[in-house]
Amino acid sequence: MSEGEHRPQPPGGASTKARLHIVTGKGGTGKTTVAAALAQALASGGGRVLLVEVEGRQGLATLLGVPPLPYEEREMISAPGGGTVCVLAADAESALLEYLEMFYGMRRAGQALNRLGAVDFATTIAPGLRDVLLTGKATEAVRRRRGARRRASDAPSTEPFHYDAVVMDAPPTGRIAQFLNVNSEVAGLARAGPIRNHADRVMEVIRSGGTRVHFVSVLEEMPAQETRDGIAEISALGIRVGVVLVNMVRPPLLDEPGLVAAADGGPDLHALSAGLKEAGLDDPEELAAALAGEVRAHALRVRLERRVRIGLEDLGRPLLELPLLEGGVDRAALDLLARRLIDQGVRR
Ligand SMILES: Nc1ncnc2c1ncn2[C@@H]1O[C@H](COP(=O)(O)OP(=O)(O)O)[C@@H](O)[C@H]1O
Ligand SMILES: [Mg+2]
């Protein structure tokens, strides 16, 4: 065992030191929210981060409380200590038009194709094309250098990168492996030529040491199982797995002996109803039974959550936690989540 393995490390440290962060997870576990908080954490202290949405759902606009976003990199969030997060809502059609322009100077032709519905047609009949355009957009942003005009050939450059990091709010775990494995998706589409080369370059970035796929889960069986399956699939593709982000964590309401007692049969009903009676409440027996039910349900949930957490720990990836915020997630809440990630060692 090397010396480095003994040194205590912040759990998020090692695995978040990447330049492309792909955030996946079961639908509804908080991918969009966590991706935004991660982008903010990575930008903190003067960084420049791009947050890309690829599912055309305008989830970032909803989260930020703004009208639908165009296909444009916009500075939209400021991070603690002076960093910035630019936001891009990517869609395959716009990415194809941009691709045609960048590689062939074909803006006008592309627009004509678009008017004819050809772009829509192409990306609908060839879902592999759609995915390679979206991953291509993110990987282009990863490779982009400062000061350079965006162009297809990135000649070796000594300029620093335009973005310190790119965070992708990616498709859910059920689709993530296929989405990222653009090489094989495009294989049936183009064996040679520019699309093939493009796919190879995209795959090179995705498989590089600078890319990590992070999994968002909550402490429930199904999302944890999807995390387990997703990690296996992504690893099998030779893509690096980053951290597991356990979202919406609720603190237990009882102390340890209380939890044990409540889970194993619930509180003493007689004592409880006597207490309620003494307090002058009506129907103390009925109230006591209802309360005891709630307490027992809570204790059982805590027990289940612990089991799920142990299962997630067994995956051998760093576990980062984010609390369940009452009242949902607005910009202030997002700041708080970003700080929690920084506290757990997330940095560029
Ligand atoms: N830590 C949290 N605390 C409270 N609400 C959250 C938290 N994370 C996400 N949410 C809420 O859960 C819902 C789903 O989150 P979202 O990020 O859109 O998930 P996904 O992108 O995986 O579908 C949203 O309403 C969001 O505001
Ligand atoms: Mg989402």
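First things first, this report covers the structure right here in the doc.

Basis of the calculations
- Residues numbered from 1 in each chain as written.
- Chains lettered and ligands numbered in written order.
- Predicted model: local features only at pLDDT ≥ 70, side-chain atom pairs only at ≥ 80, totals over all residues.
- Heavy atoms only, no water.
- Salt bridge = Lys/Arg side-chain N within 4 Å of Asp/Glu carboxyl O.
- Helix = DSSP H or I, 4+ residues; strand = E, 2+ residues; numbered from the N terminus.
- Buried < 20%, exposed > 50% of the residue type's maximum accessible area, 1.4 Å probe, protein only.
- Pairing = 2+ DSSP bridges.
- Axes fitted to C-alpha atoms, helices over the stretch in contact; angles between N-to-C directions.
- Contact = heavy atoms within 4.5 Å.
- Near = heavy atom within 4 Å.
- Polar contact = N/O pair within 3.5 Å; in protein donor to acceptor, adjacent residues only side chain to side chain.
- Areas by Shrake-Rupley, 256 points an atom, 1.4 Å probe, with all protein chains shown as cover.
- Nonpolar A, V, L, I, M, F, W, Y, C, P; charged D, E, K, R; others polar.

**Digging into the pattern of salt bridges**
Here comes step 1: Throughout the structure, instances matching the rule amount to 16 salt bridges.
Here comes step 2: With a closest N to O distance of 3.4 Å, arginine 250 and glutamate 305 form a salt bridge. Of this pair, arginine 250 sits in the loop between β7 (241-249) and α13 (256-263) while glutamate 305 sits in helix α15 (residues 284-313); the two residues are 55 residues apart in sequence, bridging distant segments of the chain.
Here comes step 3: Accessibility expressed as a relative area gives 10% for glutamate 305, which makes it buried.
Here comes step 4: Across the salt bridge formed by glutamate 321 and arginine 309, the nearest N and O atoms sit 2.1 Å from each other. Placement of glutamate 321 in strand β8 (residues 319-323) and of arginine 309 in helix α15 is noted, with a sequence separation of twelve residues between them.

**Quick word on the sheet that holds strand β1 (residues 20-25)**
Here comes step 1: Spatial ordering of the open sheet is given by β3-β4-β2-β5-β1-β6-β7-β8, a layout of eight strands whose pairing is mixed. Each end of this open sheet is capped by a strand with a single partner; those strands are β3 (74-78) and β8. Neighbour-to-neighbour, the strand axes of the sheet open up by a mean angle of 25 degrees, direction not taken into account.
Here comes step 2: In the sheet, β7 pairs with β8 via four bridges, with the strands oriented parallel. Its bridge partner lying in β8, valine 249 is registered against proline 323.
Here comes step 3: Strands β6 (211-217), β7 and β8 of the sheet are contacted by α15, whose axis makes an angle of about 145 degrees with β8.

**Structural notes on the site of ligand 1**
Here comes step 1: Every residue close to ligand 1 is listed here: Gly28, Thr29, Gly30, Lys31, Thr32, Thr33, Asn247, Met248, Pro323, Leu324, Leu325 and Val329.
Here comes step 2: Taking glycine 28, its main chain carries an N or O atom lying 3.1 Å from an oxygen atom of ligand 1.
Here comes step 3: At 2.9 Å from a nitrogen atom of ligand 1 is found a main-chain nitrogen or oxygen belonging to proline 323.
Here comes step 4: Burial of ligand 1 by the protein chains amounts to 72% of its free accessible area of 560 Å².
Here comes step 5: Residue assignment for the shell around ligand 1 shows that the elements contributing at least two residues are α3 (31-43) and β7.
Here comes step 6: For the shell around ligand 1, the leading source of residues is α3, giving three residues.
Here comes step 7: Among the residues making up the shell around ligand 1, the classes are represented as five nonpolar, six polar and one charged.

These values are about where atoms sit, not about what they do.
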